[in-house]
Amino acid sequence: MCGIIGLVSKKEVSSTLVEGLKRLEYRGYDSSGIATISNEKIERVRSKGNLKFLEEKLLSTSLPGNIGIGHTRWATHGTPEEKNAHPHITDKVAVVHNGIIENNNQLRNQLIEAGTKFASDTDTEVVCHIITSYINSGLSAYDSIRASINDIRGTYAFGVLIASEPNKLFAVRGGSPIAIGSADEENYIGSDTYSLSAYSDNITYLKDGDIAIIENKSYEIFDQSNSLVEREKQSIIESVTLSEKGIFKHFMSKEIHEQPEVIAKSLSNYIDMDNSLLCVPDLPYDLSTISNVTLVACGSSYYAGLIARDWFEKFTNVKVDVEIASEFRYREPPMDSNGLTIFISQSGETADTLAALKHCKSLGQKTISIVNVGDSSMCRNSHASLKIFAGPEIGVASTKAFTCQLIVLACLAIKIGRLNGSLNKDQEKDYVKSLLSIPRLISNTLDKEDEIVKLAHDLSNITTTLYLGRGQMYPVAMEGALKLKEISYVHAEGYPAGEMKHGPIALLERDLPVFMMAPSNTLYEKTVSNLNEVIARDASVILLTDEKGLENIGYLKDKIKTFLVDETDIISAPFVYTLPNQLIAYHIALLKGTDVDQPRNLAKSVTVE
Ligand code: F6R
């Protein structure tokens, strides 16, 4: 989703701004642009589509200046075309924006009535004109920005240039993240740690309501009440390099194959290997008496929550709810005062999940975020945070972050079960043993990628498909369907296998591909009954099961395609059955020739509602 970079230096900045934009590409974007000030005049270059088109334009249009801002845009107001790309400018002001201005229509109408001519369909341009009108009324640059913030409603992070202040870069935060990184005789602004880490070894996040005035050697931050404040400067300790793809064609493929390694890393942070016991850190509240658990998330992270529900229910004996953040935050259901709410997010910036977190905190819930990006907004806003240690995930479709989220959720469920007496030490050891087996089980599936490639060739022309499963395999099915939809643009639906006969069975016809996840567990026989219903309607079944499952299926095995995985248990099954689905989606997308790492319309960090 939209990314901001900005820089004030002693040197020319345009090429550094473009490099900075490249570090924001992974967030997803549809257009880009940069603006600089030279001789107190604002200049800009923008382009629709990939950054290479911006670079091509910059070969013929030089953009001099020691100060500038840049932006990758993910369309909200206005189609993805050059006129809507940021920066938006007037003769006095340039603005880049991440977020949404909610009272855009009202403000735009007022400005039009006052004679303002708009050049784009964006909400951001409104802000540009408002700041300009305050400057025209005689206010200073800083006061104009401050006054404009009072006029707008919504979520935003802004980078602002004012032509009459060619040595000052302004940054504003109101709900969307923005941070400052400082280096030798130059200072940067950026949307995230990664965008700044190439230039600075430290990062200072603004807080909501802050406005920063940044010069090349120093900066000042003013809070909501206009007081000069200090914000914590953190060092960028973790390596935030987006490692190369190496032998892999796409980041997604690399990230799928990294799973044994990153899962092992995640486990090593939460398991004391010497004693085969958990070492999840203590949280700043008593987990032994919590009355219920609510898991809140979006997309794949929500499916991770649905899988984890089973663990929390079985291991802790407390009531568990799983909520889609965008629904939950507006439903505002009553919450038990002794409840624990867990927010799951790879980015830690998803607007709906973050808003739900703030809402739950205001209700006095104990909160914990499970995130990949350690210094993210969710991390900073929750009472406690557990990192998943997946490493940077660049492919827009979540793969390794999803499975590492499951690791942390399983560990937390076992920990609460131990604390409230629902599990004994032997059970903890058994579950830990199972957790420790996951990297090996996943590697075994990865070793069989050739079989998946063949399967993908057989399925390369499909236009629609169903993924079915029971129990934990139902959210695994939904996650499998989501992966296929996202990167190959093939319609896919994940459904509870037992519920199929109440509607989706009408879709079954000759050769319709149906993926069935059937580990040989207590739900196996019931799943096989549903399998029979599918076969009876001539659909084309791809059964994911283990040796025992295949044996028990008897003569039916001649009528279907199968992919065999290792035997699993309640802990390992969701991991082991997720892997083939990730690979199937990847290889079908590869055959279709889609943009696997940056699928159309999708963003890595969804910072708007
Ligand atoms: C799917 C995917 C998305 C994210 C969702 C939430 O592959 O990546 O569905 O899971 O946008 O994002 P986070 O986890 O960053 O809150």
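Note that the structure is a prediction, hence the values are computed from the model and not measured.

Trainee: Run through the overall build of the protein, naming residues and quoting values.
Mentor: When you go through the protein residue by residue, the secondary structure sums to 19 helices and 27 strands. Against the compact-globule benchmark of 25 Å for 609 residues, the protein has a radius of gyration of 26 Å, which places it among compact chains. Across its three principal axes, the protein shows a C-alpha extent of roughly 80 × 55 × 45 Å. For the protein, with 609 residues in total, the buried portion stands at 60%. By sequence separation, contacts in the protein at least 24 residues apart represent 72% of the contacts at least 6 residues apart. Only carbon and sulfur atoms are counted for the fraction: they give 46% of the accessible area of the protein, which is about 23,600 Å². Charge separation in the protein, taken as the distance between the mean sites of 61 positive and 78 negative side-chain charges, equals 1 Å.

Trainee: Quick rundown of the site of the ligand? Include the residues and the values.
Mentor: As a structural note, the neighbourhood of the ligand is formed by 15 residues, with Ser301, Ser345, Gln346, Ser347 and Thr350 the closest of them. In this structure, Ser345 approaches the ligand through a side-chain N or O atom, which is 2.6 Å from an oxygen atom. Protein chains shield 89% of the accessible area of the ligand, which is 400 Å² for the free molecule. The set of elements that each furnish at least two residues to the shell around the ligand consists of helix H9 (299–316) and helix H16 (473–488). A class-by-class count of the residues in the shell around the ligand yields five nonpolar, eight polar and two charged. Split by domain, the shell around the ligand shows at least three residues from each of two domains, domain 2 (243–443) and domain 3 (449–592).

Trainee: Tell me about the sheet that holds strand E22 (residues 384–387), residues and numbers included.
Mentor: Across the sheet, five strands lie side by side as E19-E18-E20-E21-E22; this open sheet has parallel pairing. Lying at the two open borders of the sheet, with one neighbouring strand each, are strand E19 (319–324) and E22. Strand after strand, the sheet turns through a mean of 20° between neighbouring axes, direction not considered. Sheet topology places strand E18 (residues 292–297) next to strand E20 (residues 340–345); four bridges connect them, and they run parallel. Bridge assignment links Val296 to a residue of E20, and that residue is Phe343. Where H9 meets the sheet, it contacts E18, E19 and E20, and its direction lies at approximately 175° from that of E19. Running at roughly 165° to E20, helix H11 (residues 351–362) makes contact with E18, E20 and strand E21 (366–371) of the sheet.

Trainee: Mind laying out H9, listing which residues take part and the relevant values?
Mentor: Taking 1.5 Å as the rise per residue, H9 with 18 residues should run 26 Å; its terminal C-alpha atoms sit 25 Å apart, in good agreement. At Ala308, H9 shows its largest bend, some 30°. With respect to burial, H9 is a largely interior element, 14 of its 18 residues being buried.

Trainee: Could you give an account of the pattern of salt bridges, naming the residues involved and the relevant values?
Mentor: Per the stated rule, a full pass over the model turns up 24 salt bridges. Between Arg173 and Asp208 there is a salt bridge, with the nearest N and O atoms lying 3.0 Å from each other. Here Arg173 is found in strand E8 (residues 169–174), whereas its partner Asp208 is found in the loop between strand E11 (202–205) and strand E12 (211–214), with 35 residues between them in sequence. A salt bridge links Arg510 to Asp538; the shortest N-O distance between them is 3.0 Å. Of this pair, Arg510 sits in the loop between strand E24 (491–496) and strand E25 (513–517) while Asp538 sits in the loop between helix H17 (524–536) and strand E26 (540–545), placing them 28 residues apart in sequence.

Trainee: Could you give me a rundown of the packing of aromatic side chains, with the residues and numbers involved?
Mentor: In this structure the tally under the stated criterion is eight aromatic pairs. Aromatic side chains Tyr156 and Phe158 sit 5.0 Å apart centroid to centroid with 15° between the ring planes, which places their arrangement in the stacked category. Of the residues examined, Tyr156 reaches a relative accessible area of 9% and is grouped as buried. Accessibility expressed as a relative area gives 1% for Phe158, which makes it buried. For Arg23, the ring lying beneath its charged end belongs to Tyr194, and the centroid distance is 3.9 Å. Above the face of the Phe118 ring, Arg108 is positioned so that its terminal group lies 4.1 Å from the ring centre.

Trainee: Outline the nonpolar core, listing residues and values.
Mentor: Trp311, Phe312, Ile342, Leu409, Leu412 and Leu435 are the most contacted members of the largest nonpolar core, which totals 94 residues. Ranked by residues supplied to this core, first place goes to helix H13 (residues 400–419) with 13 residues. Two domains each provide a minimum of three residues to this core, namely domain 2 (243–443) and domain 3 (449–592). If we ignore the near neighbours within four places in the chain, the residues touching Leu412 are Leu283, Leu287, Phe312, Ile342, Ile368, Ile370 and Leu386. Counting 25 residues, the second largest nonpolar core, distinct from the first, contains Val95, Ile101, Ile145 and Phe158.

Trainee: Which residues make up the domain arrangement of the protein, and what values do they have?
Mentor: Its domain assignment divides the protein into domain 1 (3–237), domain 2 (243–443) and domain 3 (449–592). Here the C-alpha centroids of domain 1 and domain 3 sit 47 Å apart.

Trainee: Explain empty space enclosed by the protein to me, and be specific about the residues and the numbers.
Mentor: For the coordinates displayed, the defined rule picks out one cavity of 30 Å³ or more. Taken as a whole, the largest cavity encloses approximately 60 Å³ of empty space. Around the largest cavity sit Cys2, Arg73, Trp74, Thr76, His77, His86, His97, Gly99, Thr122, Asp123 and Thr124, which together line it. Per-class residue counts for the lining of the largest cavity are two nonpolar, seven polar and two charged.

Trainee: Quick rundown of the environment of Tyr474? Include the residues and the values.
Mentor: Its place among the elements puts Tyr474 in helix H16. For the pair Tyr474 and Ala355, spaced 119 residues apart in the sequence, the C-alpha separation amounts to 27 Å. Ignoring any residue separated from it by four or fewer positions in sequence, one finds Tyr474 in contact with Gly469, Gly494, Tyr495 and Pro496.

Trainee: Can you explain the state of the cysteines? Please cite residues and give values.
Mentor: On inspection of all chains with the given rule, the structure shows zero disulfides. Lacking any disulfide linkage, Cys379 is separated from the closest cysteine sulfur, that of Cys404, by 15 Å. Cys404 carries a free sulfur, and the closest cysteine sulfur to it, the one in Cys411, is 11 Å from it.

Trainee: So, the environment of Lys265: which residues are in play, and what are the values?
Mentor: With respect to the helices and strands, the residue Lys265 is situated in helix H8 (residues 259–270). For Lys265, a relative accessible area of 46% corresponds to the partly exposed category. Lys265 sits 241 residues away from Ala506 along the chain, and the two C-alpha atoms are 45 Å apart.

Parameters and conventions
- Residues numbered from 1 in each chain as written.
- Predicted model: local features only at pLDDT ≥ 70, side-chain atom pairs only at ≥ 80, totals over all residues.
- Heavy atoms only, no water.
- Helix = DSSP H or I, 4+ residues; strand = E, 2+ residues; numbered from the N terminus.
- Rg over C-alpha atoms; globule rule 2.2 N^0.38 Å.
- Buried < 20%, exposed > 50% of the residue type's maximum accessible area, 1.4 Å probe, protein only.
- Contact = heavy atoms within 4.5 Å.
- Areas by Shrake-Rupley, 256 points an atom, 1.4 Å probe, with all protein chains shown as cover.
- Lys, Arg positive; Asp, Glu negative; His and termini not counted.
- Charge placed at Lys NZ, Arg CZ, Asp CG, Glu CD.
- Near = heavy atom within 4 Å.
- Polar contact = N/O pair within 3.5 Å; in protein donor to acceptor, adjacent residues only side chain to side chain.
- Nonpolar A, V, L, I, M, F, W, Y, C, P; charged D, E, K, R; others polar.
- Domains from an automatic or database assignment.
- Pairing = 2+ DSSP bridges.
- Axes fitted to C-alpha atoms, helices over the stretch in contact; angles between N-to-C directions.
- Expected span 1.5 Å × (residues − 1).
- Bend = angle between axes of the 7 residues up to and from the residue.
- Salt bridge = Lys/Arg side-chain N within 4 Å of Asp/Glu carboxyl O.
- Phe/Tyr/Trp six-rings, centres within 6.5 Å; stacked < 30°, edge-to-face > 60°.
- Lys NZ or Arg CZ within 6 Å of the ring centre and 35° of its normal.
- Core = buried A, V, L, I, M, F, W, Y, C linked by side-chain atoms within 4.5 Å.
- 1 Å grid on protein atoms, 1.4 Å probe; cavity = no way out; pocket = protein on both sides within 12 Å on 5 of 7 lines; lining within 4 Å.
- Points joined across faces, edges and corners; volume = space filled by probe spheres on them.
- Disulfide = S-S within 2.5 Å.

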